[in-house]
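Residue-level structure breakdown
Read off the chains here:
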Amino acid sequence: LGGAAGLTALAAACSFVPRDPIVVPLSGDPRPLHVPPLARSELDHRGRRVFDLAAAAASTRFVAGTTTPTWGFNGTYLGPTLRASRGEEVLMRVTNALDEATTVHWHGMHLPAVADGGPHQVIEPGGTWEPTWRIDQPAATLWYHPHSHGETESQVNRGLAGMFLIDDDAEAALALPRHYGVDDIPAIVQDRTFAADGTFVDDGHNDAGLLGDTLLVNGTIAPYLDVSTERVRLRLLNASSARSYRFALDSDQPFALVATDGGLLPAPRTVDSVQLTPGERAEVVVALRSAERIVLRSLPQDLQAGSGRSRDWGAEDTFDVLELRAASALTASPDLPSTLVEFSPLDPADAVRTRSFRLSGDSINGEEMDMSRIDFAVTAGSTEVWEVTNGHSQPHNFHVHDVRFQVLDTDGVPREAERESWKDTVYLPPDTTTRIVMRFGHHTDVDVPYMYHCHLLYHEDNGMMGQFVIVEPGGGQGAVAHPGHGH
Ligand code: C2O
Ligand code: CU
């Protein structure tokens with residue numbers, strides 16, 4: 001193959017249609033950012049905090065003149081923000097009022113596998129599922145979404161997603177903005193394409209999945225937020241199917257990164273931008289001066305993808321995300337603390353096992369997700385290193401249920417963005433190997449697995465997922481259908 005004709009042939013063979021970068025300013029008709037309500041809860045006679053969530057079909061008016069068929073939890077699109085404290089026992093009463101089966105997964109939560117809400121905890125139409133567990137992890141910004149086998153993208157994209165905030169004493173003792181909806185703001189970032197009749201376009205996948213041309217934050221197009229305090233904490237969640245974002249401020253001013261997926265950093269870190277691939281979260285604190293307007297935007301990013309195809313994955317796109325409009329008189333916010341929480345690095349030398357995973361061709365280690373195959377068992381309380389290879393020239397990421405992990409390096413190079421932080425989802429640059437280290441918890445169950453998978457929902461649905469169980473030391477291996485891929 002040579003020259004333009006060769007490239008064209010190659011492009012056709014890959015069904016790769018180059019597209020122009022899109023630049024979407026906050027334009028038209030700015031709207032106040034919708035802030036999802038905090039979910040109501042009550043304590044039952046056993047002292048458990050009980051939440052009610054109902055998934056149902058509805059319609060939502062995103063733009064004047066049309067309505068969009070959507071799904072939501074306790075509302076027409078997305079769901080309320082769940083909030084509970086470390087040490088509390090929660091009971092979630094999840095009702096499925098849809099006409100198809102679904103599940104609700106608590107992404108980032110450390111909990112028994114039967115409560116995890118993965119593809120095995122199916123809620124049939126009309127059914128109710130009532131998982132219960134004790135919150136046993138540090139303060140963090142988690143989220144919840146369906147995890148139906150093969151249907152996750154379509155169910156999330158129709159609107160089933162919400163935030164789940166965990167509080168603890170360590171976080172509460174810090175001078176961080178924490179007044180929900182005032183200076184502590186959830187920002188669920190999604191991209192969608194609207195058809196002329198208002199419906200979401202749900203076809204036209206490229207290799208990464210479905211990319212939209214319109215940004216929604218908490219379901220609001222072109223949102224602005226009236227800010228009344230000198231500092232505002234944004235809890236950013238990439239709840240998109242395939243698109244990655246690199247969040248920055250149009251004022252070029254740096255901001256403070258205070259937390260990643262698994263909780264607070266040891267100290268605020270001054271950054272110019274933060275990249276989030278699907279499923280990842282970051283908490284950032286932005287300082288404002290009176291009457292200032294600052295636009296949070298997503299800038300072109302280096303996904304380190306080969307062959308110029310990053311354009312296809314939207315990496316060259318620029319989106320305005322959210323305009324912050326400071327009041328002319330701002331309430332004083334305390335200075336950010338210079339330190340946050342203690343960070344204990346996991347030592348890869350403590351790992352009892354190193355496992356290798358290779359993501360390519362809709363599979364992991366050559367096998368597509370099979371609900372009836374448990375890929376391996378890990379030992380409760382043990383430390384493992386996982387070497388996760390992206391064997392493609394396209395982006396993937398990697399999410400592990402139940403545990404928080406630390407990112408050691410990619411191709412031997414330490415990762416600055418993930419330095420001294422807890423993650424549950426990590427970006428895998430094309431054709432590289434990323435090492436993560438984690439210590440498993442003690443919720444053993446030889447029968448019910450946790451998932452690990454690419455969080456680009458199209459890939460996940462296509463089978464880029466596997467299952468593991470956590471077993472007692474020396475126990476349960478016999479129950480595992482296939483031994484893993486360790487060495
Ligand atoms: Cu956010 Cu296995 O998922
Ligand atoms: Cu992927």
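What comes next is a walk through the structure.

The rules behind each value
Residues numbered from 1 in each chain as written. Chains lettered and ligands numbered in written order. Predicted model: local features only at pLDDT ≥ 70, side-chain atom pairs only at ≥ 80, totals over all residues. Heavy atoms only, no water. Helix = DSSP H or I, 4+ residues; strand = E, 2+ residues; numbered from the N terminus. Rg over C-alpha atoms; globule rule 2.2 N^0.38 Å. Buried < 20%, exposed > 50% of the residue type's maximum accessible area, 1.4 Å probe, protein only. Contact = heavy atoms within 4.5 Å. Areas by Shrake-Rupley, 256 points an atom, 1.4 Å probe, with all protein chains shown as cover. Core = buried A, V, L, I, M, F, W, Y, C linked by side-chain atoms within 4.5 Å. Donors = N, O, S within 2.8 Å, 3.2 Å for Na, K, Ca; no water. Phe/Tyr/Trp six-rings, centres within 6.5 Å; stacked < 30°, edge-to-face > 60°. Lys NZ or Arg CZ within 6 Å of the ring centre and 35° of its normal.

**Remarks on the overall build of the protein**
Counting secondary structure elements, the protein contains four helices and 34 strands. Relative to the 2.2 N^0.38 estimate, which gives 23 Å for 487 residues, the radius of gyration of the protein is 22 Å and therefore close to what a compact globule would have. Reported as C-alpha extents along the three principal axes, the dimensions of the protein are approximately 70 × 65 × 50 Å. Counting all 487 residues of the protein, 57% fall into the buried class. Counted over contacts in the protein with a minimum sequence separation of 6, partners at least 24 positions apart contribute 77%. Accessible area of the protein: about 18,300 Å², with a carbon and sulfur share of 50%.

**Quick word on the nonpolar core**
Judged by nonpolar contacts, the single largest core of 40 residues is most densely connected at Val232, Leu234, Leu236, Phe247, Val274, Val286 and Leu288. Ignoring any residue separated from it by four or fewer positions in sequence, one finds Leu288 in contact with Val227, Thr229, Glu230, Val232, Ile294, Leu324, Ala326 and Leu330. In terms of nonpolar packing, the next biggest core, distinct from the first, is built from 34 residues, Ala113, Ala242, Tyr450 and Tyr452 among them.

**Structural notes on the coordination of the copper ion (ligand 2)**
Around the copper ion (ligand 2), the protein contributes the donor atoms His396 (ND1), Cys454 (SG) and His459 (ND1), at 1.9 to 2.1 Å from the metal centre. Counting residues between consecutive donors of the copper ion (ligand 2) along the chain gives the motif H-x57-C-x4-H. Taken together, the positions of His396 in strand β29 (residues 396-400) and His459 in helix α4 (residues 457-462) put the pair 63 residues apart, joining distant regions of the chain. His396 gets classed as buried once you look at its relative accessible area, which sits at 1%.

**Here we look at the packing of aromatic side chains**
Under the criterion given, the structure shown has 28 aromatic pairs. Ring geometry for Trp133 versus Phe164: centroids 6.4 Å apart, planes at 45°, classification tilted. Highlighted residues: Trp133 in strand β10 (residues 132-134) and Phe164 in strand β12 (residues 162-167), separated in sequence by 31 residues. Residues Trp133 and Phe164 agree in their burial class; the two are buried. Plain terms: the ring middles of Phe440 and Phe468 are 5.6 Å apart, the flat faces sit at 65° to each other, and that makes the pair edge-to-face. Of this pair, Phe440 sits in the loop between β32 (432-439) and β33 (445-453) while Phe468 sits in strand β34 (residues 465-471), and the two are 28 residues apart along the sequence. You can call Phe440 buried: its relative accessible area is 2%. Taken together, the ring pairs in this structure connect Phe357, Phe376, Trp386, Phe398, Phe440, Tyr450, Tyr452 and Phe468 into an aromatic cluster. Here the basic side chain of Arg404 rests over the ring of Trp422, its NZ or CZ set 3.9 Å away from the ring centre.

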